[in-house]
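Understanding the architecture of this molecule
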Amino acid sequence: MATRARTYAGEHIDVNYEVRRCIHAEECVRHLREVFDNKKTPWVQPDNGTADAIADTIHHCPSGALHYVRKDGGATEPIPAHNTIQVDEDGPLYVRGNVTVINGKGDEILHDTRVALCRCGESNNKPFCDNSHIESHFEASAR
Amino acid sequence: MKEPQTGLTLKGEGGLTIIVGTNDSYEIKGPFTILNDAGDAVFQAEEEWFCRCGHSSNKPF
């Protein structure tokens, strides 16, 4: 899940960030700017917030670029009881749940609770969204 | 992203498998609910094929 991820270590919680899956939805920045601030270096500062607040914020990350490891005995990320697929207008499929992605050979490439899947065909990180739909002016209704 | 708001009883109880076929669509298996942009439940399915080339005339399928 956290392959190729960079770890920002905190006293009570470590934050793992997989840059290739980040599509800059900025849910983290909006929810908890003290910790997630893309104008600061490093942009993640886990000791500026509580582990509970950081975990709750990361649950909102729609791409699955952010994950965490609790060091304080707090709960791990819950697997949603229901699987949902949200069709984003002119954008990706946001999948949430107990999600396994496998390739055509049957090999597992990801197991996660949050994934953004490319639906414009232009991503350089298929099957994951990398925001190429913006540059390619992908148009598709959300239904 | 908000939780689904409609009266549909959401199905869960089981994992979702997304098969990414070479040069092919996403085959999605497992109980799931499709949400619109606003986060409202639109319909439920157990198996569906989603376009990933961007050229379907019946997007998102």
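Rules used in this analysis
- Residues numbered from 1 in each chain as written.
- Chains lettered and ligands numbered in written order.
- Predicted model: local features only at pLDDT ≥ 70, side-chain atom pairs only at ≥ 80, totals over all residues.
- Heavy atoms only, no water.
- Core = buried A, V, L, I, M, F, W, Y, C linked by side-chain atoms within 4.5 Å.
- Buried < 20%, exposed > 50% of the residue type's maximum accessible area, 1.4 Å probe, protein only.
- Contact = heavy atoms within 4.5 Å.
- Pairing = 2+ DSSP bridges.
- Helix = DSSP H or I, 4+ residues; strand = E, 2+ residues; numbered from the N terminus.
- Axes fitted to C-alpha atoms, helices over the stretch in contact; angles between N-to-C directions.
- pLDDT = per-residue confidence, 0-100.
- Arc of directions from axis to C-beta.

**Considerations on the nonpolar core**
Judged by nonpolar contacts, the single largest core of 24 residues is most densely connected at Leu93(A), Val95(A), Ile18(B), Tyr26(B), Ile28(B), Phe32(B) and Phe50(B). For Tyr26(B), the residues in contact, after removing those within four places along its chain, are Leu93(A), Leu117(A), Cys118(A), Pro127(A), Ile18(B), Ile19(B), Val20(B), Glu48(B), Trp49(B), Phe50(B), Cys51(B) and Arg52(B). With 20 residues, the next largest nonpolar core counts Val15(A), Val29(A), Val44(A) and Leu66(A) among its residues.

**As for the sheet that holds strand S2 (residues 13–17) of chain A**
Residue and element names in this part refer to chain A. On the basis of which strands lie adjacent, the open sheet formed by three strands has the order S1-S2-S3 and antiparallel pairing. Strand pairing shows two members of the sheet lacking a second neighbour, strand S1 (6–8) and strand S3 (66–70), which therefore form its edges. Sheet twist, expressed as the mean angle between neighbouring strand axes with direction ignored, is 25°. Where S1 lies against S2, three bridges are found, and the strand directions are antiparallel.

**Here we look at the confidence of the model for chain A**
For any part of a model where pLDDT is low, the fine detail of the predicted coordinates should not be relied upon. Per-residue pLDDT for chain A averages 94, and the proportion of residues at 70 or more is 97%. Looking over chain A, one finds the lowest element-wise mean pLDDT in helix H3 (residues 132–135) of chain A, namely 94, and the highest in helix H2 (residues 51–58) of chain A, namely 98.

**Structural notes on H2(A)**
All names here are of chain A. Those residues of H2 that fall on the buried side of the exposure criterion are Ala51, Ile54, Ala55, Thr57 and Ile58. End-on view of H2: buried residues confined to an arc of 160°, all on one side of the axis. Where H2 is buried, its residues meet S2, helix H1 (27–31), S3 and strand S6 (108–117).

**What to know about the confidence of the model for chain B**
Residue and element names in this part refer to chain B. In the predicted model, chain B carries a mean pLDDT of 83, and the fraction of residues at 70 or more is 79%. Considering each helix and strand of chain B separately, the mean pLDDT is smallest for strand S3 (residues 41–50), with a value of 93, and largest for strand S1 (residues 16–20), with 96. This stretch, residues 1–7, has a pLDDT under 50; its non-local contacts, to residues over four places away or in other chains, come to 18 contacts. Across the interfaces of the predicted complex, the ipTM metric reaches 0.89, alongside a pTM of 0.90.

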